[in-house]
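Reading the structure
Residue-level listing of the chains:
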Amino acid sequence: MSVATEAALHFEGVGKRFPNGTSALEGVHLSVAAGEFVSVVGPSGCGKSTLLRLAAGLDAPTGGRVTGLAASGESVGFVFQDPTLLPWRSVQANVELPAELAGVGRAERRERAREVLALVGLDGFAKQLPGQLSGGMRMRVSLARALMGRPSLFLFDEPFGALDEITRLRMQEELQRVLAERGFTALFITHSVTEAVFLSHRVVVMSARPGRVTAAFDVPFDHPRPAELRYEPAFARIAGEVSAALRGGAK
Ligand SMILES: Nc1ncnc2c1ncn2[C@@H]1O[C@H](COP(=O)(O)OP(=O)(O)OP(=O)(O)O)[C@@H](O)[C@H]1O
C-alpha cells in the first residue's frame, strides 16, 4: 500500500495561489499517518492556516492534491485560537450545538455532552455561561465541542495562543491526556516550538511565504509525556534543532 492511501492526510506537491496573485503555498509535501500528531511551525504569514483549510477541505489547492480523511467526507474536529462560543448558550448547549445541527436526538446529545465535558475536566460546569468561565475553561469547552462529532482527524489552529503561560502548559498536558483516551490524528499549528515538541510525534518546519516544508523532526518520547520532560536535555536538543531550522527558513 502506498503512503498516499495509508495516510490520514496527504499533501502531494500542494500549491495555493489566491485570486489576487498571492502565492501562499508552493510544492508542499506532507503526510500524516493515522494516529500521528504532527505540528507545523513557521514564520507569520507562511501559509499555516491556509494549509489547515486545505486539510479540512474548506478550500481547494490550485496545484497538487490533498487526500485523506477530510477529502473522503469523514468528520473533522476543528479547534481555533478563538473558542467561538455562543455567549447566550450554556456550556452544555454550546457543546451540543454541532450534534443538534446534525439532527442527533436530545437524549443521545445529552449523554455525549456529559461524556466529553467529563473528558476535558468540565463536569460540574455544564450550566454555566461562557462569560462566567476563564480563558482556559472556554478552550476546554471548544475542545469538548470538537470531540462531540467523534472525529478521527483533528485540526488545531494555534488553539492555546491566547492563553497565559501557566494555563497554556496545563492545556498541553490535558490535550495529551484526551489524546491518550480517545486516540486521534492531529495536525496542530503553533508559533511555540516547545509546545510543538512537547505534543508531537513529528514537528514540521515551513519556510516564509510561499510556504514549503523545509525540515521535519521526529520526537521520540513516549506519550503521555510528563510535564518535566520540557526541562530534559534531550527535549531541549530537539527544540533547539527546530528553532534553528525555523530561523534558517525565515531568512
Ligand atoms: N483569501 C485570501 N486572499 C488573498 N491572500 C490571502 C488569503 N488568505 C490568506 N492570504 C495570504 O496568504 C498568506 C498566508 O496566510 P495564512 O493565514 O495561511 O498564514 P499563517 O502562516 O497562518 O499566518 P499567521 O502565522 O500570521 O497566522 C498571507 O500572506 C495572507 O495574507
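Calculation rules
- Residues numbered from 1 in each chain as written.
- Predicted model: local features only at pLDDT ≥ 70, side-chain atom pairs only at ≥ 80, totals over all residues.
- Near = placed C-beta within 6 Å.
- Helix = DSSP H or I, 4+ residues; strand = E, 2+ residues; numbered from the N terminus.
- Nonpolar A, V, L, I, M, F, W, Y, C, P; charged D, E, K, R; others polar.
- Pairing = 2+ DSSP bridges.
- Axes fitted to C-alpha atoms, helices over the stretch in contact; angles between N-to-C directions.
- Expected span 1.5 Å × (residues − 1).
- Buried ≥ 20, exposed ≤ 12 C-beta atoms within 10 Å, placed from the backbone.
- Arc of directions from axis to C-beta.
- Contact = placed C-beta atoms within 7 Å.
- Parallel < 35°, antiparallel > 145°, perpendicular 65-115°, else oblique.
- Left-handed = near helix turned anticlockwise from the far one by under 90°.

By the naming in an unreviewed UniProt entry, the protein is ABC transporter ATP-binding protein, taken from Streptomyces hoynatensis.

Some points on the site of the ligand
Around the ligand there are 13 residues in total, and Phe 18, Ala 24, Lys 48, Ser 49 and Thr 50 lie nearest to it. In terms of residues, the shell around the ligand owes the most to one element, helix α2 (residues 48-56), which gives three residues. The residue inventory of the shell around the ligand, partitioned by class, reads three nonpolar, eight polar and two charged.

Some thoughts on the pairing of strand β9 (residues 213-218)
Both strand β8 (residues 202-206) and β9 contribute to a ladder of five bridges, which runs antiparallel. Residue pairing in the sheet places Met 206 in a bridge with Val 213 of β9. Where β8 folds back on β9, the antiparallel hairpin that results is connected by six residues.

A closer look at the sheet that holds strand β1 (residues 7-17)
Spatially, the three strands line up as an open sheet ordered β2-β1-β4, and their pairing is antiparallel. For this open sheet the edge positions go to β2 (23-33) and β4 (63-68), each flanked by a neighbour on one side alone. The average angle at which neighbouring strand axes cross in this sheet is 15°, direction not considered. With five bridges connecting them, β1 and β4 associate as antiparallel partners. Counterpart to His 10 in the pairing with β4 is Thr 67.

Regarding helix α6 (residues 165-182)
With 18 residues, α6 extends 26 Å from end C-alpha to end C-alpha; this agrees with the ideal 26 Å at 1.5 Å per step. Buried within α6 we find Met 171, Gln 172, Leu 175 and Val 178. For α6, the angular spread of buried residues about the axis comes to 130°, placing them on one side. Along α6, the residues that are exposed and aim more than 90 degrees away from the buried face are Ile 166, Ala 180 and Glu 181. Against α4 (106-119), α5 (135-148) and α7 (193-199) lie the buried residues of α6. Positive phi appears at Gly 183, one or two residues downstream of α6, with a value of about 70°.

Structural notes on the packing of helix α3 (residues 91-101) against α4
Contact geometry of α3 with α4 gives a least axis separation of 9 Å together with a crossing angle of 125°. The pairing of α3 with α4 is recorded here as oblique in orientation. Like other packed secondary-structure pairs, α3 and α4 cross with a definite hand, here right-handed. Touching Gln 92, Val 95, Glu 96, Ala 99 and Glu 100 of α3 are Arg 109, Arg 112, Ala 113, Val 116 and Leu 117, all from α4. When the residues that make up the contact of α3 with α4 are grouped by side-chain class, the tally is five nonpolar, one polar and four charged.

With respect to the sheet that holds strand β6 (residues 153-157)
Spatially, β5-β6-β7-β3-β8-β9 is the arrangement adopted by the six strands of the open sheet, whose pairing is mixed. Of all the strands in the sheet, just β5 (76-80) and β9 have a single pairing partner and so form its edges. Put simply, the sheet's adjacent strands are angled 15° from each other on average, direction ignored. As paired elements, β5 and β6 share five bridges and run parallel to each other. From the neighbouring strand, Gly 77 faces β6, where its bridge partner is Phe 154. Here α5 sits on the sheet in contact with β5 and β6, set at roughly 170° to β5.

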